[in-house]
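# Examining the three-dimensional arrangement
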Amino acid sequence: MKTVLITGATGDVGSHLRRELAGKYQLRLSDRRPIKAASKGEKFIKADVSRMADALKITKGVDAIVHLGGYSVEGPWEAILQANIVGCYNIFEAARRNGVKRIIFPTSNHAVGFYRRDQTIDHRVYPRPDSRYGVSKVFGEALGSLYADKYGMEMFMIRIGNVNPKPIDKRRLSIWFSPRDLAQLVSLGIEKPGIKFEIVYGVSGNKRSWYDNSNAYRLGYTPQDDAEAWAEEVLKNEKPGNPIAELYQGGIFCAVEEVQNPAAPAKAAAKKARRKKGK
Ligand SMILES: NC(=O)c1ccc[n+]([C@@H]2O[C@H](COP(=O)([O-])OP(=O)(O)OC[C@H]3O[C@@H](n4cnc5c(N)ncnc54)[C@H](O)[C@@H]3O)[C@@H](O)[C@H]2O)c1
């Protein structure tokens, strides 16, 4: 059984993947936040990917890396720089030094978010990031390309739309990625022989997709889900939004300076608890 490192494992996507990949791989989980409880077949190592020593420690002796750890929305430059640029470099470079060839990297729809919604784009379009966050994902794609060409590493870049049990608004009807389709595409990225450098879109087989995902299909991806099943319910509750957000694929990231980090409420609660304990 392959040993797979998942960084950012206590986050949202990491939690879906842990559940979906249980029993398929030996999972080495890592995050800078502690994990509640590791299950059978899982081992947790606390680490901050913005520190090279930590990156070297967690990448040692694994067969593949799913590098989810980072700042997952638009936010302050310093936070994005440390988590997504320094952190991504550290993980790719630590993998190279430790002889780990295969990396699955979650880039994002926000790397191409300034394409309009009336366009269909494929994996070959020039990046049009919609945020500092989007720029950090373009950095990851570029670094992956360098490490594939220069060092023969195997880089599978998934431009994820939105991972959720179900699509939650009109925009997500076009970019939804069900947890089981996520697990299928990540598994393909881990196992497919002969990968050098590939960019695919991490979306389900959505009828309203803005992406030509033929590169993923060529590699063997067969999505099981389609957001259309929720379209009626979703559209019933849809309210007119920001006009810039409505025009572009990246939505509100195209119009604002900061987006609520899904990890923020947990962080705020932890901070409050520490304050209570006098820490
Ligand atoms: N959720 C989505 O639909 C989606 C869409 C596109 C791309 N992505 C990408 O997938 C990855 C996971 O997203 P998510 O939604 O689970 O995000 P999340 O914010 O829920 O989880 C990210 C995790 O990374 C950890 N982390 C942050 N900085 C770190 C550091 N310096 N060292 C170690 N760990 C660190 C956090 O503690 C957190 O547990 C991110 O890279 C994100 O950009 C997610």
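So, a few notes on the structure that sits alongside this text. It should be emphasised that the depicted structure is a prediction, and the values quoted were computed from it without experimental measurement.

## Brief notes about the pairing of strand 1 (residues 3-7)
- In terms of burial, strand 1 is a largely internal element, four of the five residues being buried.
- Note: strand 1 against strand 2 (residues 26-31), five bridges, orientation parallel. The partner of Val4 across the bridge, within strand 2, is Leu27.
- Handedness of the β-α-β unit built from strand 1, helix 1 (residues 12-21) and strand 2 comes out right-handed.
- Taken together, the four bridges between strand 1 and strand 4 (residues 64-67) define a ladder with parallel strand orientation. Note on strand 4: the bridge partner recorded for Ile6 is Val66.

## What to know about the site of the ligand
- In the vicinity of the ligand there are 26 residues, among which Val13, Asp31, Asp48, Ser72 and Tyr133 approach most closely.
- Backbone polar atom of Val13 to an oxygen atom of the ligand: 2.8 Å apart, as the coordinates give it.
- Asp48 has a polar side-chain atom sitting 2.8 Å from a nitrogen atom of the ligand.
- Burial of the ligand by the protein amounts to 94% of the accessible area it has alone, namely 820 Å².

## Points about the pattern of salt bridges
- With the rule as written, the count across this model stands at 17 salt bridges.
- Linking Asp169 and Arg172 is a salt bridge whose minimum nitrogen-to-oxygen distance equals 2.7 Å. Comparing Asp169 with Arg172, the two get one shared label, buried.
- Of the charged contacts in the structure, one is a salt bridge between Glu246 and Lys170, with a shortest N-O distance of 3.3 Å. Of this pair, Glu246 sits in helix 9 (residues 243-247) while Lys170 sits in helix 5 (residues 170-175), placing them 76 residues apart in sequence.
- Classification of Glu246 as partly exposed rests on a relative accessible area of 30%.
- Among the residues examined, Lys170 registers a relative accessible area of 33% and is labelled partly exposed.
- Put simply, Glu74, Arg132 and Glu257 are held in one network by salt bridges that share partners.

## Concerning the packing of helix 2 (residues 52-59) against helix 3 (residues 77-98)
- Axis separation between helix 2 and helix 3 bottoms out at 8 Å; the angle between their running directions is 50°. Overall, the two elements helix 2 and helix 3 adopt an arrangement that is oblique. By crossing handedness, the relation of helix 2 to helix 3 is classed as right-handed. From helix 2, Met52, Ala55, Leu56, Ile58 and Thr59 reach across to helix 3, where they touch Tyr89, Asn90, Ile91, Glu93, Ala94, Ala95, Arg97 and Asn98.
- Classifying every residue of the contact of helix 2 with helix 3 by side-chain character gives eight nonpolar, three polar and two charged.

## Quick word on helix 6 (residues 179-191)
- A rise of 1.5 Å per residue sets the reference length of helix 6, with its 13 residues, at 18 Å; its end C-alpha atoms lie 18 Å apart and thus fit the reference within 8%.
- Within helix 6, ten of the 13 residues are buried, leaving the element largely enclosed by the surrounding structure.
- Taken residue by residue, helix 6 has Pro179, Asp181, Leu182, Ala183, Leu185, Val186, Ser187, Leu188, Gly189 and Ile190 as its buried positions.

Criteria and thresholds
Residues numbered from 1 in each chain as written. Predicted model: local features only at pLDDT ≥ 70, side-chain atom pairs only at ≥ 80, totals over all residues. Heavy atoms only, no water. Buried < 20%, exposed > 50% of the residue type's maximum accessible area, 1.4 Å probe, protein only. Helix = DSSP H or I, 4+ residues; strand = E, 2+ residues; numbered from the N terminus. Pairing = 2+ DSSP bridges. Right-handed = clockwise from strand over helix to strand, strands pointing away. Near = heavy atom within 4 Å. Polar contact = N/O pair within 3.5 Å; in protein donor to acceptor, adjacent residues only side chain to side chain. Areas by Shrake-Rupley, 256 points an atom, 1.4 Å probe, with all protein chains shown as cover. Salt bridge = Lys/Arg side-chain N within 4 Å of Asp/Glu carboxyl O. Axes fitted to C-alpha atoms, helices over the stretch in contact; angles between N-to-C directions. Parallel < 35°, antiparallel > 145°, perpendicular 65-115°, else oblique. Left-handed = near helix turned anticlockwise from the far one by under 90°. Contact = heavy atoms within 4.5 Å. Nonpolar A, V, L, I, M, F, W, Y, C, P; charged D, E, K, R; others polar. Expected span 1.5 Å × (residues − 1).

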